[in-house]
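Summary of structural features
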Amino acid sequence: MSLLDYFRSTKKKSASTAKERLQIIVAHERNRRSGPDYLPQLERDILEVIRKYVDIPADQISVSLEQRSDELSVLELNVSFPDEKR
Amino acid sequence: MAKIIVVTSGKGGVGKTTSSAAIGTGLALSGHKTVIVDFDIGLRNLDLIMGCERRVVYDFVNVINGEANLKQTLIKDKRVDNLFILPASQTRDKDALTKEGVEKVLNELAKDFEFIICDSPAGIEAGAMMALYFADEAVVVTNPEVSSVRDSDRILGMLSSKSRRAERGEDAIKEHLLLTRYNPERVAKGEMLSVEDVQEILAIPLIGVIPESQAVLNASNSGQPVTLDQDSDAGQAYLDTVSRLLGNTVDFRFLTVEKKGLLKRIFGG
């Protein structure tokens, strides 16, 4: 039994994979939910503007609005450009 | 004043109707006058789970439209005192439930009952929104499985933004996590999310854990809410859940693998 457990433990358990995936997607969706309604549209518009100049896939851009304090919100824009030089 | 409890989940097939029937029956068994309302318009099933499908004459939509009164429509359970069912309509009209109509019916029920259990349909469409809109408390039914947990989180967002309490700026709906179809053996093997995992992700208080159990299918086959099967693990777990809903502190059971005795090992079971 213990020998069997030893071999088993070397493989990653599917439950921990499930937990990690859930933590990421749930955090992402909560963030989106708490943000203003215009955020997804803003994200699409920014993506369109950048695409005029550089060809990037949709998942290479992320926009988030972070409430730092009562008076300060920071709009964070993260764009990964493709490797090749243009 | 009646307490309105919505049983909801987002995802379908996780045990909302089973849980509504079991919790409603448990509350009535504890002496509280309870009505279970089926909000799943077009896909009525609470009647079948409660074993009263042949006694349905009028339904929720008939009452809203003034075609029948509550007294004619409510079905009194034959096994448990203080327990009534308000069946859903089988109409295909999606807009059969209006906010005003539902409010009128709930107000009338509130005069007579201590607990109103709203059995929500799956999804986040109008029917599910209507079931949670007037709630004071919510039982979020979740399976230890990725899609169910994600959908539960979605519903938690709805509870805190789309309910009457949220719109009026009143105290938030009290949320409870009910984990169903829990299999401690698979959790021990690392093949299933544990109670702690789900709680950590959803971050709401745990009201009950119902083990995956043969008793649940047996109960629905025969139209008996599983809380009436008091010898079964699931029945006992639901009774514990009801006791916690009533404010009691009850230790959680059925969370760990049951050690099999020698006889069980030999003969199975």
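A brief report on the enclosed structure follows. Everything numeric here is computed off the predicted structure, so don't read it as measured data. Just so you know, the residues in each chain are numbered from 1, in the order the chain's sequence is written. Starting at A for chains and at 1 for ligands, labels are handed out in the order in which the entities are written. Given that the model is predicted, a residue must reach a pLDDT of at least 70 before its local features are reported, and side-chain atom pairs must reach 80 or more before they are shown or counted; all residues, however, enter totals for whole chains, interfaces and linings. For the side-chain quantities, the full set of heavy atoms in the structure was used; hydrogens and water were omitted.

Description of the overall build of chain B
Rule in force here: Under the scheme used here, helices are H or I runs from DSSP no shorter than 4 residues and strands are E runs no shorter than 2 residues, and both carry numbers assigned from the N terminus. Two things to know: the radius of gyration comes from C-alpha atoms, and the globule rule equals 2.2 Å times the number of residues to the power 0.38. Only protein chains enter the accessibility calculation, which uses a 1.4 Å probe. A residue is then buried if its area is under 20% of the maximum for its type, exposed if over 50%, and partly exposed in between. Every residue pair with non-hydrogen atoms within 4.5 Å of one another is taken to be in contact. Using the Shrake-Rupley algorithm and a 1.4 Å probe, accessible areas are obtained, with residue cover drawn only from the displayed protein chains. By the counting rule applied here, Lys and Arg register as positive and Asp and Glu as negative, while His and the ends of each chain are not counted. Where a charge lies is defined by one atom per residue type, namely NZ (Lys), CZ (Arg), CG (Asp) and CD (Glu).
Tallying secondary structure elements over chain B gives 13 helices and 8 strands in all. Against the compact-globule benchmark of 18 Å for 269 residues, chain B has a radius of gyration of 18 Å, which places it among compact chains. Taking the principal axes of its C-alpha atoms as reference, chain B extends roughly 60 × 40 × 35 Å. Of all 269 residues assigned to chain B, the portion counted as buried reaches 52%. When contacts within chain B are restricted to residue pairs at least 6 apart in sequence, long-range pairs at least 24 apart make up 73% of them. Accessible surface computed for chain B: about 12,500 Å², of which carbon and sulfur atoms make up 46%. Looking at charge distribution, chain B has the averaged site of its 32 positive side-chain charges lying 3 Å from that of its 38 negative ones.

Section: the pairing of strand S6 (residues 137-142) of chain B
Residues and elements named next belong to chain B. Operational definition: At least two DSSP bridges between two strands are required for those strands to pair.
The buried fraction of S6 amounts to 6 of the 6 residues, a majority that puts the element mostly inside the structure. Both faces of S6 are covered, namely the face carrying Glu-137, Val-139 and Val-141 and the face carrying Ala-138, Val-140 and Thr-142. Of the pairings in the sheet, the one linking S6 to strand S7 (residues 174-182) comprises 6 bridges and is parallel in character. Counterpart to Glu-137 in the pairing with S7 is Lys-174.

Here we look at the packing of helix H2 (residues 14-34) of chain A against helix H7 (residues 146-161) of chain B
To keep it simple, the criterion reads: Here, axes are lines fitted to C-alpha atoms. For helices the fit covers the stretch in contact, and angles between N-to-C directions go from 0 to 180 degrees. Throughout, the term roughly parallel applies to angles under 35 degrees, roughly antiparallel to angles over 145, roughly perpendicular to angles from 65 to 115, and oblique to all others. Helix crossings are classified by the rotation of the near helix relative to the far one: an anticlockwise turn of less than a right angle makes the crossing left-handed, while a clockwise turn makes it right-handed. Note that Gly is not counted as nonpolar here; it falls among the polar residues with everything else outside the nonpolar set of Ala, Val, Leu, Ile, Met, Phe, Trp, Tyr, Cys and Pro and the charged set of Asp, Glu, Lys and Arg.
Contact pair H2(A) / H7(B): the axes reach a minimum separation of 10 Å and the direction vectors enclose 20 degrees. Relative to H7(B), H2(A) is oriented roughly parallel. In this structure, the crossing between H2(A) and H7(B) has a hand that is right-handed. Across from A:Ala18, A:Leu22, A:Ile25, A:Val26, A:Glu29, A:Arg30 and A:Arg33 in H2(A), the residues of H7(B) making contact are B:Val146, B:Val149, B:Arg150, B:Asp153, B:Arg154 and B:Gly157. Grouping the amino acids of the contact of H2(A) with H7(B) by side-chain chemistry returns 6 nonpolar, 1 polar and 6 charged.

Concerning the packing of aromatic side chains
Residue and element names in this part refer to chain B. We count it as follows: Any Phe, Tyr or Trp ring, taking Trp's six-membered ring, that has another such ring centre within 6.5 Å forms a pair; planes under 30 degrees apart are called stacked, those over 60 apart edge-to-face, and the others tilted.
Summed over the entire model, instances satisfying the criterion amount to 3 aromatic pairs over all chains. With a centroid separation of 5.5 Å and an interplanar angle of 75 degrees, the aromatic rings of Phe-84 and Phe-113 are classed as edge-to-face. Here the residue Phe-84 occupies a position in strand S4 (residues 83-86), and Phe-113 occupies one in the loop between helix H5 (99-112) and strand S5 (115-119), the gap between them amounting to 29 residues. Given the relative accessible area of 16%, Phe-84 is considered buried. Note on Tyr-133 and Phe-134: the rings are 4.8 Å apart at their centroids and 85 degrees apart in plane angle, and the pair reads as edge-to-face. For the pair Tyr-133 and Phe-134, a shared accessibility class is recorded, and that class is buried.

Notes on the nonpolar core
Residue and element names in this part refer to chain B. Here is the rule we go by: Throughout this description, the term nonpolar core refers to a set of buried Ala, Val, Leu, Ile, Met, Phe, Trp, Tyr and Cys residues connected via side-chain atoms within 4.5 Å.
In this structure, Leu-109 and Ile-116 are the most contacted members of the largest nonpolar core, which totals 55 residues. In this structure Ile-116 touches Ala-2, Lys-3, Ile-4, Ile-5, Val-35, Val-37, Leu-106, Leu-109 and Ala-110, once residues within four positions along its chain are discounted. Residues Ile-5, Ile-49, Ile-75 and Val-80 belong to the second largest nonpolar core, which totals 33 residues.

So, the interface of chain B and chain A
Rule in force here: As used here, buried area is the combined drop in accessible area, with a 1.4 Å probe, of two parts when they are placed together. Any Lys or Arg side-chain nitrogen found within 4 Å of a carboxyl oxygen on Asp or Glu counts as a salt bridge.
Across the boundary between the two partners, chain B contributes 15 residues, which contact 12 residues of chain A. On the chain B side of the contact with chain A, B:Arg150, B:Asp153 and B:Ile201 bury the most area, a combined 40% of that side's loss. At the junction of chain B with chain A, the criterion picks out 5 salt bridges. Across the salt bridge formed by A:Arg33 and B:Asp153, the nearest N and O atoms sit 2.7 Å from each other. Contributions of two or more residues to the side of chain B that touches chain A are made by H7 and helix H10 (195-202) of chain B. A total of 6 residues in the side of chain B that touches chain A trace back to one element, the largest contributor, which is H7(B). When grouped by side-chain class, the residues that make up the side of chain B that touches chain A number 6 nonpolar, 2 polar and 7 charged.

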